[in-house]
Amino acid sequence: MAGRLLLLDTASLYYRAFFGIPDSLTAPDGTVVNALRGMIDFTATLIGRDDAPEAVVACWDDDWRPQWRVDLVPSYKTQRLAEGSPTDGTGVEETPDLLAPQVPLIAEALGLAGLAVIGAPEAEADDVIGTLAHRWDGPVDVVTGDRDLFQLVDDARPVRVLYTARGVAQLDTVDAAWIRAKYGIEPASYVDYAVMRGDASDGLPGVAGIGEKTAATLVNEFGGLDDILAAAQDEDSSIKPRPRASLLASRDYVAAARTVVAVRTDLDVEVPSRPASPDREALLAFGERWGVAGPVERLLAQL
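Position labels on residues start from 1 in each chain and follow its written sequence. Two thresholds apply to this predicted model, a pLDDT of at least 70 for residue-level local features and 80 or more for giving and counting side-chain atom pairs, whereas whole-chain, interface and lining totals are computed over all residues. Note that water and hydrogens are dropped before the side-chain values are worked out from all heavy atoms of the structure.

Quick question: what am I supposed to make of the overall build of the protein chain here?
Strands here mean DSSP runs of E at least two residues long; helices mean DSSP runs of H or I at least four residues long; both are numbered from the N terminus. The helix and strand inventory of the protein chain stands at 13 helices and six strands. C-alpha atoms define the radius of gyration, and 2.2 Å times the number of residues to the power 0.38 defines the globule rule. Taking 19 Å as the expected radius of gyration for a compact globule of 303 residues, we find that the protein chain reaches 21 Å, a close match to that expectation. Along the longest, intermediate and shortest principal axes, the C-alpha atoms of the protein chain span 70 × 50 × 35 Å. Across the 303 residues of the protein chain, 51% fall into the buried class. Side-chain charges in the protein chain split into 27 positive and 48 negative, and the spacing between the mean points of these groups amounts to 5 Å. Summary of the burial criterion: residues with accessible area below 20% of their type's maximum are buried, those above 50% are exposed, and those between are partly exposed, where the area comes from a 1.4 Å probe applied to protein chains only. Note on charges: Lys and Arg go in the positive column, Asp and Glu in the negative column, and His and the chain ends are not counted at all. The atoms used to mark charge sites are NZ of Lys, CZ of Arg, CG of Asp and CD of Glu.

Got a minute to help me understand the pairing of strand E5 (residues 159–163) in this structure?
Moving residue by residue along a regular strand, the side chains alternate between the two faces of the sheet. The element E5 is extensively covered by neighbouring structure, given that four of its five residues are classed as buried. Strands are labelled as partners when DSSP assigns at least two bridges between them. Alignment of strand E4 (residues 140–144) against E5, held across five bridges, turns out to be parallel. Paired with aspartate 141 across the bridge in E5 is arginine 160. Taken together, the three bridges between E5 and strand E6 (residues 172–174) define a ladder with antiparallel strand orientation. Across the sheet, residue tyrosine 163 finds its bridge partner in E6, namely aspartate 172.

Before we go on, may I ask you to explain the sheet that holds E6 in this structure?
Sheet strands associate in pairs through backbone hydrogen bonding, adopting either a parallel or an antiparallel arrangement. Taken in spatial order, the six strands line up as E3-E2-E1-E4-E5-E6 in an open sheet, and their pairing is mixed. Looking at strand neighbours, the two that pair on one side only are strand E3 (116–118) and E6, the edges of this open sheet. Taking each pair of neighbouring strands and ignoring which way they run, the sheet shows an average axis angle of 25°. For strand E1 (residues 5–9) and strand E2 (residues 55–59), the ladder comprises five bridges, and the chain directions are parallel. Paired with leucine 5 across the two strands is alanine 55, which belongs to E2. Across the face of the sheet, helix H1 (residues 10–20) comes into contact with E1, E2 and E4 while running at roughly 55° to E1. Each of E1, E2, E3 and E4 is contacted by helix H5 (residues 125–135), which is oriented at about 170° to E1, the strand it contacts most. Every axis in this analysis is a line fitted to C-alpha atoms, fitted for helices over the stretch in contact. Angles between the N-to-C directions lie between 0 and 180 degrees. Residues are treated as being in contact if the distance between any of their heavy atoms lies within 4.5 Å.

Can you walk me through the packing of helix H7 (residues 190–197) against helix H11 (residues 251–261) in this structure?
Working note: a packed helix pair is described by the angle between its axes plus the distance between those axes. Their axes nearest at 9 Å, the elements H7 and H11 cross at an angle of 125°. Between H7 and H11, the angle is such that the two are oblique. The interaxial crossing formed by H7 with H11 has right-handed handedness. Facing H7, whose interface residues are Val191, Ala194 and Val195, H11 presents Tyr253, Val254, Ala257, Arg258 and Val261. Under this grouping Gly is polar, as are all residues other than the nonpolar Ala, Val, Leu, Ile, Met, Phe, Trp, Tyr, Cys and Pro and the charged Asp, Glu, Lys and Arg. Within the contact of H7 with H11, the residues separate by chemical class into seven nonpolar, no polar and one charged. Orientation labels follow simple angle bins: below 35 degrees gives roughly parallel, above 145 gives roughly antiparallel, 65 to 115 gives roughly perpendicular, and whatever is left gives oblique. Definitions for this section: a left-handed crossing has its near helix turned counterclockwise from the far helix by less than a right angle. A right-handed crossing has that turn clockwise.

Help me understand the nonpolar core in this model?
For soluble globular proteins, nonpolar side chains are generally found buried alongside one another. Take the buried Ala, Val, Leu, Ile, Met, Phe, Trp, Tyr and Cys residues and link them wherever side-chain atoms come within 4.5 Å; each set so joined is a nonpolar core. Among the nonpolar cores identified, the biggest contains 59 residues, and Leu7, Leu132, Met196 and Leu247 are the most heavily contacted of them. Not counting chain neighbours up to four residues away, the residues in contact with leucine 132 comprise Leu5, Leu7, Val57, Cys59, Ile118, Val269, Glu270, Val271 and Pro272. By size, the runner-up hydrophobic cluster in this structure holds 40 residues, among which are Ala27, Val56, Ile106 and Phe286.

Whenever I open this one, H1 confuses me. Can you help?
For the α-helix, the turn length of 3.6 residues means that residues three or four positions removed from each other point alike. Looking at H1, one finds that the buried residues are Thr10, Ala11, Leu13, Tyr14, Ala17 and Phe18. Taken end-on, H1 shows its buried residues confined to a sector of 160°, consistent with a single buried face. In H1, those exposed residues whose orientation departs by more than 90 degrees from the buried face are Phe19 and Gly20. Packed against the buried residues of H1 are E1, helix H2 (34–47), E2, helix H4 (102–112) and E4. The reported arc concerns the directions from the helix axis to the C-beta atoms and nothing else.

Help me understand the side chain of glutamate 124, please; the structure alone is not making it clear to me.
With respect to the helices and strands, glutamate 124 occurs in the loop between E3 and H5. Ignoring sequence-local partners within four residues, the contact set of glutamate 124 consists of Trp60, Asp61, Asp63, Trp64, Pro66, Arg69, Tyr76 and Lys77.

Whenever I open this one, unusual backbone geometry confuses me. Can you help?
Look at the link from arginine 157 to proline 158: it is a cis peptide, with omega at -5°. With respect to the element layout, proline 158 can be found in the loop between E4 and E5. For lysine 77, which is not glycine, the phi dihedral falls at a positive 60°. Within the element layout of this structure, lysine 77 appears in the loop between helix H3 (67–72) and H4. Relative accessible area serves as the criterion here: at 7%, lysine 77 is assigned to the buried category.

I keep staring at the pattern of salt bridges and nothing clicks. Help me out?
Opposite charge on two side chains permits them to pair, given that their charged atoms come into close proximity. When a carboxyl oxygen of Asp or Glu lies within 4 Å of a side-chain nitrogen of Lys or Arg, that pair is called a salt bridge. Scanning all chains against the criterion turns up 15 salt bridges. Two residues, aspartate 141 and arginine 160, come together in a salt bridge whose shortest N-O distance is 2.5 Å. Here aspartate 141, found in strand E4, pairs with arginine 160, found in strand E5; they are 19 residues apart in sequence, far enough to count as distant. Looking at aspartate 141, the relative accessible area reads 2%, which means it is buried. As a salt-bridge pair, aspartate 199 and arginine 147 come within 3.9 Å of each other at their nearest N and O atoms. Here the residue aspartate 199 occupies a position in the loop between H7 and helix H8 (212–222), and arginine 147 occupies one in the loop between E4 and E5, the gap between them amounting to 52 residues. According to the relative accessible area criterion, aspartate 199 is buried, its value standing at 9%. Through salt bridges with shared partners, a single ionic network connects Arg4, Arg49, Asp51, Asp141 and Arg160.

Structure representation (structure tokens):
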């Protein structure tokens, strides 16, 4: 069995760095580098944990809002579109002006450090994470602030999520017990639960009148969405009138949203091996140029 694979939900991390670190941090030429600095520091911290990984992948959004997901649920991520951007899958994500120039620098820094930076056409970073977690023959840690990736948790393999809600220095280790305690469901039920609950941050309305408690009750009593919908059609089932009516009215949405919410595990991406050796001199020069010499040195020390 392989050692531990560390999968970084890169955009989730650099957005956290951007909003959590003052934009007064600049390179010698005046470019704001708070997200760059934070991402390098985060990576050093994560690699330096006691359960050091055998391989690390910075998973990338080659397509932050794939057309196939938009076709299924047109409201998907519409609230993140830049003003005036088309609402189809060609729309541009609204990115803070001070963050946009840092994104290619983050990719460059990670590449110089010898870390794999992997995306895929028509796929989000979540799909890259799902595919690599599915194929890796060993334990997997997924670092993210995105609850959707809780669907990957599997104690048997094991796959766990290192959840950044409280920060990278205070990661929540999300395993099956954590999900049971938080949501009252098993990880295998998370997609069905999330489809009904909805997620305003992703433009997913969910099923009207069904919140977290009702969604958990339904999956625990009836199982998957097909079984829940079948129970909704059975007037003798225990589903109360309001959620029953909502489920029956939302059948088309449920069928589409379950595909949108489920991360892909079938992308054509290469399963990584051990990290490549960092280009030490180039990375040190990068650190001097962009005013992040200290974080670069800390990252090199961990590598």
